[in-house]
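As a plain string of letters, each chain reads:
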Amino acid sequence: MLKVDKLVKKFGGMTALDGVSLTLPDRSILGVLGMNGSGKTTMLNCINGLYDATAGEITLDGVSLIGKAPHAVFSEGVGRTFQVPRIFPQMSLLENLSVALLNKGMSNAEIAEISAYWLQKVELYRLRHNYAEELSGGQQKLLELARIMVANPKLVLLDEPFAGVNPSLALLLINIIREMPKELGCSVLLVSHDLTSVYELSDNILVMHEGRVLAEGNAEAIQKNPDVIEAYLGA
């Protein structure tokens, strides 16, 4: 579904990504680990068009995403969450979700039905008429995730979905993310510092270090990898 090949991103004289390559199969979850500054979020920003890649190729289902603006990448089927949720604060929860369905040729009744379904899925339906700014930080992350899901994406990019979320909401998020490949038929690229959640959810795991891929494998292989242990804990 997603292929990143020798991706490079430079900011002046600093190289943030140095030849990163990965493959994310259809209907699977790839977890991405790495210390702060390892290039995880920069990679997501290149995939969804916030940053222009310096070199390399990014393809989704065979279509190149290089040079496309974020709205065009969204039209190709890429949804994205952020470390700090980007919601429309003075719009209701229902209105936040309906934005993702504009220009889809749906009737108001269809939009309302789909929005209600996903608000129920993230357990926010009872607050559907509230302004989004009234939600807690964790609830805003759930709303942002629901707004992605109503658009039925091919690929979902999740940037630190568990950061600052209380344990009960984090558990809800984990259960929703686990079901996404089967329910939506999508692939998920999960960036997180929450090792336990990444190990539990991911079919495969990529570890980044200083802008490069340090290791790749299943949870057991990553946990035992000496290079990963050294990068996280020191020699």
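Quick caveat: nothing in here was measured; it's all calculated off a predicted structure.

**Student:** Any chance you could explain the sheet that holds strand 3 (residues 29-34) here in plain terms?
**Tutor:** Hydrogen bonds along the backbone pair up the strands of a sheet, which may run parallel or antiparallel. With mixed pairing, the six strands of this open sheet are ordered in space as 6-7-8-3-9-10. Two strands lie at the open edges of the sheet, namely strand 6 (78-80) and strand 10 (212-217), each paired on one side alone. On average, adjacent strands in this sheet sit at an angle of 20° to one another, irrespective of strand direction.

**Student:** What is the right way to look at unusual backbone geometry in this model?
**Tutor:** With glycine set apart, most residues show a phi of negative sign, and most peptide bonds adopt trans. Here the phi dihedral of K6 falls at roughly 50°; this positive angle occurs in a residue that is not glycine. Position of K6 among the secondary structure elements: in strand 1 (residues 2-11). The residue N152 is not glycine, and still its phi comes out positive at about 55°. By the secondary structure assignment, N152 is in the loop between helix 5 (137-149) and strand 7 (155-159).

**Student:** Please explain the packing of aromatic side chains as it appears in this structure.
**Tutor:** In this description, a pair of aromatic rings is defined by centroid distance and the angle of the planes. Counting across every chain of the model gives two aromatic pairs. A ring pair is formed by F11 and Y51, whose centres lie 5.3 Å apart and whose planes are at 80°; its orientation type is edge-to-face. Taken together, the positions of F11 in strand 1 and Y51 in the loop between helix 1 (40-47) and strand 4 (55-60) put the pair 40 residues apart, joining distant regions of the chain. Residue classification places F11 among the partly exposed residues on the basis of a relative accessible area of 33%. The exposure class of Y51 is partly exposed, given its relative accessible area of 29%. Geometrically, the ring pair formed by Y117 and W118 is edge-to-face, given 5.0 Å between the ring centres and 85° between the ring planes. Classification of Y117 as partly exposed rests on a relative accessible area of 40%. Taking the relative accessible area as the measure of exposure, W118 reaches 6% and is therefore buried. Positioned over the ring face of F11 is K9, at 5.0 Å from the centre of the ring.

Conventions we followed
- What you see as residue numbers is a count from 1 along each chain, following the sequence as written.
- It should be noted that, the model being predicted, local features are given only for residues of pLDDT at least 70 and side-chain atom pairs only at 80 or more, the latter also being counted only at that level, while totals for whole chains, interfaces and linings use all residues.
- Here the side-chain values reflect all heavy atoms present in the structure, with hydrogen atoms and water set aside.
- Being paired, for any two strands, means DSSP has found at least two bridges between them.
- Segments assigned H or I by DSSP are reported as helices when at least four residues long, segments assigned E as strands when at least two residues long, and all are numbered from the N terminus.
- To get an axis, fit a line to the C-alpha atoms, keeping to the stretch in contact for a helix; angles then go from 0 to 180 degrees between the N-to-C directions.
- Stacked, edge-to-face and tilted labels apply to pairs of Phe, Tyr and Trp rings (six-membered ring for Trp) whose centres lie within 6.5 Å, assigned for plane angles under 30 degrees, over 60, and everything in between, in that order.
- Each residue gets one of three labels from its accessible area relative to the maximum for its type: buried under 20%, exposed over 50%, partly exposed in between, using a 1.4 Å probe on protein chains only.
- A positively charged side chain is recorded as over a ring if its NZ (Lys) or CZ (Arg) lies within 6 Å of the ring centre. The angle to the ring normal must also be within 35 degrees.

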